[in-house]
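Survey of secondary and tertiary structure
Letter by letter, the chains look like this.
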Amino acid sequence: MSAGSIAASADFTEEPGQPTPRKDPIRPTDDEARALGRQLLRGARSGALATLGRDGHPSSSLVSLATDGDGTPLILVSALSAHTAHLETDPRCSLLLAPGGKGDPLAHARITLKLRARKVAREGAEGERVRRRFLARQPKAALYVDFGDFSFFALDLQGASLNGGFGRAYELVPADLLSDAKASSAIAAMEEGAVEHMNADHADAIRAYATGLLKAEDGEWRLTGLDPDGADLARGDAVLRLPFPAPVSDAAAMRRTLVELAAAARAAA
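Below: a short report on this structure. (Residues numbered from 1 in each chain as written. Predicted model: local features only at pLDDT ≥ 70, side-chain atom pairs only at ≥ 80, totals over all residues. Heavy atoms only, no water.)

Some words on the packing of aromatic side chains
By the definition in use, this model includes 3 aromatic pairs. Each ring, one from Phe134 and one from Phe152, has its centre 5.5 Å from the other, and the planes form 65°; the classification is edge-to-face. Of this pair, Phe134 sits in helix 4 (residues 124-137) while Phe152 sits in strand 7 (residues 150-163), placing them 18 residues apart in sequence. Of the residues examined, Phe134 reaches a relative accessible area of 1% and is grouped as buried. Residue class for Phe152 comes out buried when judged on its relative accessible area of 2%. Here Phe147 and Phe150 contribute two aromatic rings whose centre-to-centre distance is 6.3 Å and whose plane-to-plane angle is 65°, an arrangement assigned as edge-to-face. On the basis of relative accessibility, which here comes to 48%, the residue Phe147 falls in the partly exposed class. (Phe/Tyr/Trp six-rings, centres within 6.5 Å; stacked < 30°, edge-to-face > 60°. Helix = DSSP H or I, 4+ residues; strand = E, 2+ residues; numbered from the N terminus. Buried < 20%, exposed > 50% of the residue type's maximum accessible area, 1.4 Å probe, protein only.)

Next up, the structure:
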């Protein structure tokens, strides 16, 4: 077979003047991408919040961060900050979460969340839950959380762009990152009591989660939050995310999962 016939049979020929088709850089979303996106979202304590100024020009600010039970990002901001005024004028915003690491920063995973800001009323069950979860994640915010010019915003997720490192780009939808709404509500109802119980009576299990399963430095680790997809741990300013093997939907499933993980942690220590 001649070189020309090989090229023709393989469809290697190009029409004169036609550009070479560009390969789509976005990979199909899979469970590994979803898990990485959730880990980045749930594990972050701060991020770069981008808002739209009144002149239409983008503006970026560093904000402290927590998540609601379903994974919705939560921020506490002052009325004196420019980004607060921006959000009240135009709620569209984005949040870059990039924990980084050693070497080339572009080799590490990061995610940009496409969001719509919503002010959370202080009164009522949502306001109380948001305040509690934010302070569990950001305890030093207790110094100013009740100042009159500070407000909580929930950043409702619209979509996300995940980059897992070179050549690993994904477009995610809210369902890829957020926990099931019904399960989130059920866990939220028992979370505060369960966290207090674990810290008071099962500090050894929490310590085992950190050292045995997450290979963290030993110390007085505490449980700070529970949700359908995992547990949040903290020791001083250090935080850890313990993902569950499978989502839990109620208090009984949460109890079983925590017991099973404690046994696995002790065996791995």
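Section: the sheet that holds strand 11 (residues 238-243)
Sheet strands pair via backbone hydrogen bonds, and the direction of the pair is either parallel or antiparallel. The 3 strands are arranged 9-10-11 in an open sheet whose pairing can be described as antiparallel. At either margin of the open sheet sits one strand with a lone partner, and together these are strand 9 (222-227) and strand 11. Taking each pair of neighbouring strands and ignoring which way they run, the sheet shows an average axis angle of 20°. (Pairing = 2+ DSSP bridges. Axes fitted to C-alpha atoms, helices over the stretch in contact; angles between N-to-C directions.)

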